[in-house]
Amino acid sequence: MDVASDWGLNQPADPAAARTMNEDADGLKPEQLPEVRELTAQGWELAPDAPMLVFLPEVWPRALRTWRPDRASRYETWYEQDPRTNVVLREQTVRSSWESRDEIENDNDALLAEAGVTGRPRGRLWLLKPPPGFPTVGEFLVDLGRRAEAAGIDGACSPQYVRFTADRLQ
């Protein structure tokens, strides 16, 4: 892939991370962390965690992205359904194990490798600001999806979609 890889390996964590590193984060989801709340109040948005968009921080302009160490908890919900009716009989939400989190990270790295993107640092929560002309990151992504579809590009983590996204952000 010919997109210049820029995961910001030499980009320091946002100063909000240093101010809150000693605060208890046990059990908090990413959006509940004090440093994330501080940054979202300043107009930053957590980068989407959808697998098809895991490449976004790599192509996002440096001036519109920041990161902080990921010390958030993750949760999984397990369902038991009646096999005949598919009615949920029981559900339980539990904290994800480190093994489960590692499996997701490995899957994301494999997906990125298929798209020609490598070198993603782990252990970061990425926050983005919308590019000029868009009030939110979500609205940029909706516009991106429409344009990709019109261009015949599948909106998945693929070399074509990564390149298309990088070009739209420039």
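Worth saying up front: this structure is predicted, and the values here are computed from it rather than measured.

Explain the overall build of the protein residue by residue, including any values.
Across its full length, the protein holds 6 helices and 5 strands. If you list the helices and strands of the protein from N to C, you get α-α-β-α-β-β-β-α-β-α-α. Looking at the protein as a whole, 39% of its 170 residues qualify as buried. Accessible surface, the protein: about 9900 Å² in total, of which carbon and sulfur atoms supply 51%.

How would you explain the nonpolar core if you had to name every residue and give the values?
Counting residues in each nonpolar core, the largest one holds 27 residues, and the members touching the most others are F55, L56, W60, L112, L141 and Y161. What Y161 contacts, discounting residues up to four positions off in sequence, is M52, L53, F55, L144, A148, I153, D154, G155 and A156.

If you had to explain the packing of aromatic side chains to someone new, which residues and values would you point to?
For the structure on display, the rule yields 4 aromatic pairs. Where F55 meets Y161, the ring centres are 5.9 Å apart and the plane angle is 80°; that geometry is what we call edge-to-face. A residue pair is termed long-range when its members are at least 10 positions apart, and F55 in the loop between β1 (45-46) and α3 (56-59) and Y161 in helix α6 (residues 159-169) qualify at 106 residues. Across this residue pair, the class does not change: F55 and Y161 are buried. Taken together, the ring pairs connect W60, F134 and F140 into an aromatic cluster. Sitting above the plane of the W67 ring, R124 keeps its charged end 3.8 Å from the centroid.

Please give an account of the packing of helix α5 (residues 137-150) against α6 that cites residues and values.
Viewed as axis vectors pointing N to C, α5 and α6 meet at an angle of 120°, and their least axial separation amounts to 11 Å. Classed by the angle they form, the pair α5 and α6 counts as oblique. When you trace α5 past α6, the crossing you get is right-handed. Here α5 contributes F140, D143, L144, R147 and A148 to the contact with α6, which in turn contributes Y161, F164, T165, R168 and L169. In terms of residue class, the contact of α5 with α6 is made up of 6 nonpolar, 1 polar and 3 charged.

If you had to explain helix α4 (residues 98-114) to someone new, which residues and values would you point to?
Across its 17 residues, α4 extends 24 Å between first and last C-alpha, which sits within 8% of the 24 Å expected from 1.5 Å per residue. The set of residues buried in α4 consists of S100, R101, N108 and L112. For α4, the angular spread of the buried residues around the axis is 120°, confining them to a single face. Exposed residues pointing more than 90 degrees away from the buried face of α4 are listed as E99, E103 and E114. Buried residues along α4 sit against β3 (75-81). Taken from the residues just after α4, G116 is the one with a positive phi, measuring 85°.

Any chance you could break down unusual backbone geometry for me, citing the residues and the numbers?
One non-glycine residue, N86, lies in positive phi territory at about 65°. Within the secondary structure layout, N86 lies in the loop between β3 and β4 (88-95). For N86, a relative accessible area of 52% puts it in the exposed group.

Tell me what's going on with the environment of R163, and back it up with residues and numbers.
One can find R163 in helix α6. For the pair formed by R163 and A110, sequence separation is 53 residues and the distance between their alpha carbons is 18 Å.

Quick notes on the rules
- As a convention, each chain's residues are numbered from 1 in the sequence order in which they are written.
- Given that this is a predicted model, residues contribute local features only at a pLDDT of at least 70 and side-chain atom pairs are listed and counted only at 80 or more, while totals for whole chains, interfaces and linings are drawn from all residues.
- To get the side-chain values, all heavy atoms of the structure are used, and hydrogens and water are removed first.
- Working definition: helices are DSSP H or I runs of at least four residues, strands are E runs of at least two. Numbering for both runs from the N terminus.
- Residue exposure (1.4 Å probe, protein chains only): buried if accessible area is under 20% of the type maximum, exposed if over 50%, otherwise partly exposed.
- The Shrake-Rupley method, run with a 1.4 Å probe, gives the accessible areas here. Residue values count only the displayed protein chains as cover.
- Only buried residues count toward a nonpolar core, which is a set of Ala, Val, Leu, Ile, Met, Phe, Trp, Tyr and Cys residues joined through side-chain atoms within 4.5 Å.
- Contacts: residue pairs with any heavy atoms within 4.5 Å of one another.
- Here the aromatic set is Phe, Tyr and Trp, taking the six-membered ring for Trp, and pairing holds for ring centres within 6.5 Å; pairs whose planes are under 30 degrees apart are stacked, those over 60 apart are edge-to-face, and all others are tilted.
- Remark: a charge is flagged as sitting over a ring if the NZ atom of Lys or the CZ atom of Arg is within 6 Å of the ring centre and within 35 degrees of the ring normal.
- Note on geometry: axes are C-alpha line fits, over the in-contact stretch for helices, and angles between N-to-C directions span 0 to 180 degrees.
- Relative orientations are named as follows: roughly parallel for angles under 35 degrees, roughly antiparallel for angles over 145 degrees, roughly perpendicular for angles from 65 to 115 degrees, and oblique for any other angle.
- For a crossing to be left-handed, the near helix must be turned anticlockwise from the far one by less than a right angle; the clockwise case is right-handed.
- Note that Gly is not counted as nonpolar here; it falls among the polar residues with everything else outside the nonpolar set of Ala, Val, Leu, Ile, Met, Phe, Trp, Tyr, Cys and Pro and the charged set of Asp, Glu, Lys and Arg.
- Multiply 1.5 Å by the residue count of a helix minus one, and that product is the helix's expected span.
- It is the directions from the helix axis to the C-beta atoms whose arc is reported.

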